[in-house]
Amino acid sequence: MMTLLLLFYEFFKTGLFSIGGGLATIPFLRQMSVQHGWMSELELANIIAIAESTPGPIGVNAATYVGYYAMGVLGAITATLALVLPSLITIILIAKALGKWANSKVVGHLFRGLRPVAIGLIAAAGYSVFKVATFFELDLSPFALQIHIPALIIFAVMLVSMQLKPFKKLHPLVYILIGGVAGAILQM
């Protein structure tokens, strides 16, 4: 029971403070992995990959997966509900107050201040996933990393191709499939 309450608390907190969408939940997931041991860095990278490649919001998918990993079906339900509950409450309150405060300069400044925070959280999460996906950790020292060449090649090709005009219109699923096939081929 205590683990379910802790799971609810951690994901409620994540839902409350992960401003910027699903990717902003990743630093919170990483902190949970460190603090509670519910998953390793590698498992977190796998969770993110699975959550990104399955339908639905990444934060919700990741919460469901982590909850299931930690406590089974009841954990999945608890983590998912806890993650979405703050957004549900916030949206209801904002919808009620938006008409009254929509043109407020203070509200405008508040949102201007929150945007860079969201970008910073997403960038930090992206760096964390990049590090886990492209490097093997040889020991606990942050300086003892070995580059995983196939993963780095896939990353570089995908990053460059997504910036090229003819490839920008491709559906993300195409990139996921190409990345999966490339990973399988490069590992042979």
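The coordinates are above.
Here is a short report on the structure shown in this document. Keep in mind that what you see is a predicted model, and the values were worked out from it rather than measured.

The secondary structure content of the chain amounts to 8 helices and 2 strands. Ordered by position from the N terminus, the helices and strands of the chain form the series α-α-α-α-α-β-β-α-α-α. Expressed as lengths along the three principal axes of its C-alpha atoms, the size of the chain is roughly 60 × 50 × 30 Å. Buried residues in the chain amount to 28% of all 188 residues. On the chain, the mean spot of the 11 positive side-chain charges and the mean spot of the 6 negative ones are 25 Å from each other.

Attention now moves to a nonpolar patch on the surface. Together, Phe8, Leu85, Leu88, Ile89, Ile92 and Leu93 give the surface a local cluster of nonpolar side chains, amounting to about 530 Å² of exposed area. Mapped onto the fold, Ile92 is located in helix H4 (residues 58–101). Judged by relative accessible area, Ile92 falls into the partly exposed class, the value being 48%.

Right, let's talk about H4 for a bit. The end-to-end C-alpha distance of H4, which contains 44 residues, comes to just 30 Å, noticeably less than the 64 Å that a straight helix rising 1.5 Å per residue would cover. Met71 marks the point of greatest bend in H4, at about 145°.

This part is about the side chain of Ser161. Along the polypeptide, Ser161 turns up in helix H6 (residues 149–163). Classification of Ser161 by relative accessible area gives buried; the value is 13%. Separated by 3.1 Å, the side chain of Ser161 and the backbone oxygen of Met158 make a polar contact. Other than its neighbours up to four places away in sequence, Ser161 contacts Phe167 and Tyr175.

Next up on the list: the packing of aromatic side chains. Geometrically, a pair of aromatic rings is defined through the distance of the ring centres and the angle of the planes. Summed over all chains, the structure comprises 3 aromatic pairs. Between Phe8 and Phe12, the ring centres sit 5.8 Å apart and the planes meet at 20°, which makes this aromatic pair stacked. Of the two residues, Phe8 and Phe12 are both situated in helix H1 (residues 2–17); the distance of 4 residues between them amounts to about one turn of the helix. A residue is classified by how much of its surface remains accessible, and Phe12, at 26% relative accessible area, is partly exposed.

The next point concerns the nonpolar core. Grouped burial of nonpolar side chains is what soluble globular proteins tend to show. The biggest cluster of nonpolar side chains holds 20 residues, and the ones touching the most others in it are Leu7, Phe11, Leu29, Met32, Trp38, Met39 and Val66. Only H1, helix H2 (26–36), helix H3 (41–53) and H4 provide two or more residues apiece to this core. In terms of residue count, the dominant contributor to this core is H4 (7 residues). Apart from residues lying up to four places away in sequence, Val66 is in contact with Phe11, Leu29, Trp38, Met39 and Ile47.

About the criteria used
Residues numbered from 1 in each chain as written. Predicted model: local features only at pLDDT ≥ 70, side-chain atom pairs only at ≥ 80, totals over all residues. Heavy atoms only, no water. Helix = DSSP H or I, 4+ residues; strand = E, 2+ residues; numbered from the N terminus. Buried < 20%, exposed > 50% of the residue type's maximum accessible area, 1.4 Å probe, protein only. Lys, Arg positive; Asp, Glu negative; His and termini not counted. Charge placed at Lys NZ, Arg CZ, Asp CG, Glu CD. Patch = residues over 30% accessible without salt bridge, like charges linked within 9 Å, V, L, I, M, F, W, Y side chains within 5 Å. Areas by Shrake-Rupley, 256 points an atom, 1.4 Å probe, with all protein chains shown as cover. Salt bridge = Lys/Arg side-chain N within 4 Å of Asp/Glu carboxyl O. Expected span 1.5 Å × (residues − 1). Bend = angle between axes of the 7 residues up to and from the residue. Polar contact = N/O pair within 3.5 Å; in protein donor to acceptor, adjacent residues only side chain to side chain. Contact = heavy atoms within 4.5 Å. Phe/Tyr/Trp six-rings, centres within 6.5 Å; stacked < 30°, edge-to-face > 60°. Core = buried A, V, L, I, M, F, W, Y, C linked by side-chain atoms within 4.5 Å.

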